[in-house]
Amino acid sequence: MEKRNLFLILLILGTAFWGISFSVTKLAIGQHQPVLFLFYRFLLATMVLSVIFWKHVKKLDLTVIKTGASLAVPLVLGIYLQTLGITHTSASQCSFVAGITVVMIPVIKLIIYRKPAALKIWIAAFTALIGLFVISVTDKLSIGTGDLYTIIGAFCFAIYLIQIEKESTAGDIIPTIVPMFATCALLTFLLTFIQGNATWIPQQETFWIGIVFCALFSTAYMYTISNISQKYISAERVSIIYLFEPIFGAFAAHFILGEEITSRLLIGGGMIFLATLISELKWRMPNPFAMLRILKEKKY
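Residues numbered from 1 in each chain as written. Predicted model: local features only at pLDDT ≥ 70, side-chain atom pairs only at ≥ 80, totals over all residues. Heavy atoms only, no water.

(A) Just the overall build of the protein, in detail. Assigned secondary structure in the protein consists of 14 helices and 0 strands. The buried share of the protein, taken over its 300 residues, is 51%. Summed over its atoms, the accessible surface of the protein is roughly 15,000 Å², and 69% of this surface lies on carbon and sulfur atoms. (Helix = DSSP H or I, 4+ residues; strand = E, 2+ residues; numbered from the N terminus. Buried < 20%, exposed > 50% of the residue type's maximum accessible area, 1.4 Å probe, protein only. Areas by Shrake-Rupley, 256 points an atom, 1.4 Å probe, with all protein chains shown as cover.)

Set out below in structure tokens:
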């Protein structure tokens, strides 16, 4: 089996872990601070990955540590904001709104690299935004706090995926994995310490079950596979695969938390998923920006 196809399968499996983790996290956090949950999650993931990638840990240098640290910043922000989002809205809704990352990536790339995106990308973005509106905007035409946190978190996560693509193209991304998660653990520890009044050793069993599941499966496994796979798969395609996550997330929330799968969630989520399919279709469409440039050149 080709490496690309193998990583496609491993990524889809990882999205199942991610989808389930929304419900597990919501159940585990309870009355505890979300950032404390993230600290233990990143700490355990760092410990496990340090053992797995020990040969790379022994050879760490300042350049690799800096690269890992730079990747950690948008990752921590993205996960922290989406974890806050879960505390203010349903797990299933949060997982669908998080899928907006898929259309943020080409738009951000347009801004960074100044390259006009294909027309199908703009159609996909518009479709996804309508879906997001259906899911998130209330009858009073206001957006929920949880959805707002999740949207900003999705933006940070899009930045993270673009950085990963850049670093994996430039060289071997594996040595940066442990420094990245170690920095994530440090940042979340500082946030926990700054916020204060933390119960450092919660007694609830669900908290620690959530830590183990999220650290091993939705953090150590998924982010390692995701980072390595971007050597073979672009950030846009990886984010497309991530759209399996809300599907798994909605069903997990239904069976684990008893959340209702509403018509708004199905319609809006369906439109976001349709947007990802549009952006991935192999069809050639005229680029309006390029056509205008050609017409202008001919005129002169």
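(B) How the structure looks around a nonpolar patch on the surface. Where nonpolar side chains cluster on the molecular surface, the patch consists of Ile12, Leu27, Phe244, Ile247, Phe248, Phe251, Phe255 and Ile256 and spans about 720 Å² of accessible area. Secondary-structure elements contributing two or more residues to the nonpolar patch are α1 (3-29) and α12 (244-257). At 6 residues, α12 tops the list of elements feeding residues into the nonpolar patch. If you trace the backbone, phenylalanine 251 turns up in helix α12. (Patch = residues over 30% accessible without salt bridge, like charges linked within 9 Å, V, L, I, M, F, W, Y side chains within 5 Å. Salt bridge = Lys/Arg side-chain N within 4 Å of Asp/Glu carboxyl O.)

(C) How the structure looks around empty space enclosed by the protein. Counting across every chain of the model gives 1 cavity of 30 Å³ or more. Reported here for the largest cavity is a volume of approximately 320 Å³. At the level of elements, α1, α4 (62-88), α6 (101-113) and α12 are the ones that each hand at least two residues to the lining of the largest cavity. Its residues assigned to classes, the lining of the largest cavity shows 11 nonpolar, 9 polar and 2 charged. (1 Å grid on protein atoms, 1.4 Å probe; cavity = no way out; pocket = protein on both sides within 12 Å on 5 of 7 lines; lining within 4 Å. Points joined across faces, edges and corners; volume = space filled by probe spheres on them. Nonpolar A, V, L, I, M, F, W, Y, C, P; charged D, E, K, R; others polar.)

(D) Representation of the pattern of salt bridges in the model. What the rule picks out here adds up to 1 salt bridge. Of the charged contacts, one joins lysine 109 and glutamate 165 as a salt bridge, the two residues approaching to 2.6 Å between their closest N and O atoms. Of this pair, lysine 109 sits in helix α6 while glutamate 165 sits in helix α8 (residues 145-170), and the two are 56 residues apart along the sequence. According to the relative accessible area criterion, glutamate 165 is buried, its value standing at 15%.

(E) Summary view of the environment of leucine 265. When you line up the elements, leucine 265 lands in helix α13 (residues 263-280). By relative accessible area, which is 4% here, leucine 265 ends up buried. Considering only alpha carbons, one finds leucine 265 and glycine 131, 134 residues apart in sequence, at a separation of 8.8 Å. When near neighbours in sequence (up to four residues on either side) are disregarded, leucine 265 contacts Ser92, Gln93, Phe96, Ile135 and Gly270. (Contact = heavy atoms within 4.5 Å.)

(F) Structural detail: the packing of aromatic side chains. Applying the stated criterion across every chain yields a total of 21 aromatic pairs. Taking 6.4 Å as the distance between ring centres and 80 degrees as the angle between the ring planes, the aromatic pair formed by phenylalanine 17 and phenylalanine 213 counts as edge-to-face. Taken as a pair, phenylalanine 17 in helix α1 and phenylalanine 213 in helix α10 (residues 205-229) lie far apart in primary sequence, 196 residues in all. Looking at phenylalanine 17, the relative accessible area reads 17%, which means it is buried. According to the relative accessible area criterion, phenylalanine 213 is buried, its value standing at 17%. A connected cluster of aromatic rings, assembled from ring pairs, spans Phe37, Phe39, Tyr40, Phe189, Phe193, Trp200, Phe207 and Trp208. (Phe/Tyr/Trp six-rings, centres within 6.5 Å; stacked < 30°, edge-to-face > 60°.)

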